Amino acid sequence: MIARKRFGQHFLDSTQVITDTISAINPGPSDHVVEIGPGRGALTEALYGRSKQLTLIEIDRDLVPGLRQRFPGAALHNQDVLEMDFASLGPKPLRVVGNLPYNISTPLLMHLMAFESGITDMHFMLQKEVAERITAVPGNKAWGRLSVLLQYYCKTEWLFDVAPECFRPPPAVWSAVIRLQPRHLDKAAVDLVALDQVLKAIFGQRRKQLGNTLKTLLPLETWHARGVTIDFTARAESVTLPTFVALANALTRNDANS
Ligand code: SAM
């Protein structure tokens, strides 16, 4: 069977990588594991033997008969994961895993954040460059909008690199396995629309000094009046997550004096 490019199909073909990924996930018998894009079942095989409740989400209908036959006890959804209502899979907290289709990994991660309150953790194999952005720290070239948004919701952790030769067909780039653990924060802590507005402004012009980008949202004296005390000559790369949250909160504050 030919791998479908449009579905980002690169099938795992390395026993070592499968073993390392499963041992990082460490699925337990009482876990509800949800696998995104099981494909030909490289990871599914090991998950099926270890968790009593396994849900598979696979878009490619040609792969469905094989998956049904090999994993009859798993719940199989033949659909686009971007349209999956993960809340409907509960109420038990989910452990979400997958060797993700790289072409949709960023929108998929953002889609999952809407359901983070029902998720215990996530283990994903994805393009190394995207993994770098997700796990970046301030001061790092990869620190950007994706890092801040995902780290607002989750603790992120780099686990290991995976070489292109570990897949059939091999992708053009290196991959990495990461772990995301939702913090289950109080949603009222920040206005997410405001946070994204701040992130787009600051990272949209990442080489500019903060004062120059922030004044496109509010006059600098208003930022001051609202208690923002950051160095306006600093640049995007050095701004930490708590500062972004403070900026978003200042942006949404409406007081008579400012
Ligand atoms: N888990 C398998 C493995 O490791 O060998 C396959 C991984 S392959 C990189 C990605 C899988 O996700 C493919 O099986 C592909 O058909 C599936 N897929 C791609 N886009 C999808 C989508 N939007 N929704 C659900 N599954 C998707």
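Fair warning: this is a prediction, and the values are worked out from it, not measured in the lab.

## Topic: the nonpolar core
So, point 1. Of all hydrophobic cores here, the largest spans 84 residues; its most connected members are Phe 86, Leu 112, Phe 124, Leu 126 and Phe 244.
So, point 2. Looking at this core element by element, the count peaks at 7 residues for helix 10 (residues 241-252).
So, point 3. Mapping this core onto the domain boundaries places at least three of its residues in each of domain 1 (5-182) and domain 2 (192-253).
So, point 4. Excluding residues that lie within four positions of it along the chain, Phe 86 makes contacts with Val 34, Ile 36, Ile 57, Val 81, Leu 94, His 111, Leu 112 and Phe 115.

## Let's talk about the side chain of Ser 51
So, point 1. On the secondary structure map, Ser 51 appears in the loop between helix 2 (44-50) and strand 3 (53-57).
So, point 2. Of the polar contacts made by the side chain of Ser 51, one reaches the backbone oxygen of Gly 28; its length is 3.1 Å.
So, point 3. If near-sequence neighbours (up to four positions away) are discounted, Ser 51 is found in contact with Pro 27, Gly 28, Pro 29, Asp 31 and Val 33.

## With respect to the pairing of strand 5 (residues 94-99)
So, point 1. Within strand 5, 6 of the 6 residues are buried, leaving the element largely enclosed by the surrounding structure.
So, point 2. Across the two faces of strand 5 the burial is the same, with Leu 94, Val 96 and Gly 98 and Arg 95, Val 97 and Asn 99 all buried.
So, point 3. Taken together, the 4 bridges between strand 2 (residues 32-36) and strand 5 define a ladder with parallel strand orientation. Opposite Val 33, over in strand 5, you have Arg 95 as the bridge partner.
So, point 4. The pairing of strand 5 with strand 6 (residues 119-127) spans 6 bridges and is parallel. Along strand 6, the bridge assignment pairs Leu 94 with Ile 119.
So, point 5. Between the parallel elements strand 5 and strand 6, the chain passes through helix 4 (residues 105-113) in a crossover that is right-handed.

## Notes on the site of the ligand
So, point 1. Around the ligand, 23 residues are found, and the nearest of them are Leu 12, Gly 37, Glu 58, Asp 80 and Asn 99.
So, point 2. Taking Gly 39, its main chain carries an N or O atom lying 3.4 Å from an oxygen atom of the ligand.
So, point 3. In isolation the ligand offers 600 Å² of accessible surface; the protein chains occlude 98% of this area.
So, point 4. Structurally, the ligand is housed in the largest pocket.
So, point 5. Its residues placed into classes, the shell around the ligand shows 12 nonpolar, 7 polar and 4 charged.

## A word on the packing of aromatic side chains
So, point 1. Tallied over the entire structure, the rule returns 4 aromatic pairs.
So, point 2. Taken together, a centroid distance of 5.2 Å and an interplanar angle of 65 degrees make the contact between Tyr 48 and Phe 71 edge-to-face. Remark: Phe 71 occurs in the loop between helix 3 (64-70) and strand 4 (75-77) and Tyr 48 occurs in helix 2; sequence separation between them is 23 residues.
So, point 3. The partly exposed category is assigned to Tyr 48, whose relative accessible area is 29%.
So, point 4. Ring geometry for Phe 86 and Phe 115: centres 5.7 Å apart, planes at 50 degrees, overall tilted. Residue Phe 86 is found in the loop between strand 4 and strand 5, and its partner Phe 115 is found in the loop between helix 4 and strand 6; the two are separated by 29 residues along the sequence.

Reading guide: rules and limits
Residues numbered from 1 in each chain as written. Predicted model: local features only at pLDDT ≥ 70, side-chain atom pairs only at ≥ 80, totals over all residues. Heavy atoms only, no water. Core = buried A, V, L, I, M, F, W, Y, C linked by side-chain atoms within 4.5 Å. Buried < 20%, exposed > 50% of the residue type's maximum accessible area, 1.4 Å probe, protein only. Helix = DSSP H or I, 4+ residues; strand = E, 2+ residues; numbered from the N terminus. Domains from an automatic or database assignment. Contact = heavy atoms within 4.5 Å. Polar contact = N/O pair within 3.5 Å; in protein donor to acceptor, adjacent residues only side chain to side chain. Pairing = 2+ DSSP bridges. Right-handed = clockwise from strand over helix to strand, strands pointing away. Near = heavy atom within 4 Å. Areas by Shrake-Rupley, 256 points an atom, 1.4 Å probe, with all protein chains shown as cover. 1 Å grid on protein atoms, 1.4 Å probe; cavity = no way out; pocket = protein on both sides within 12 Å on 5 of 7 lines; lining within 4 Å. Sits in = over half its atoms within 2 Å of the grid points. Nonpolar A, V, L, I, M, F, W, Y, C, P; charged D, E, K, R; others polar. Phe/Tyr/Trp six-rings, centres within 6.5 Å; stacked < 30°, edge-to-face > 60°.

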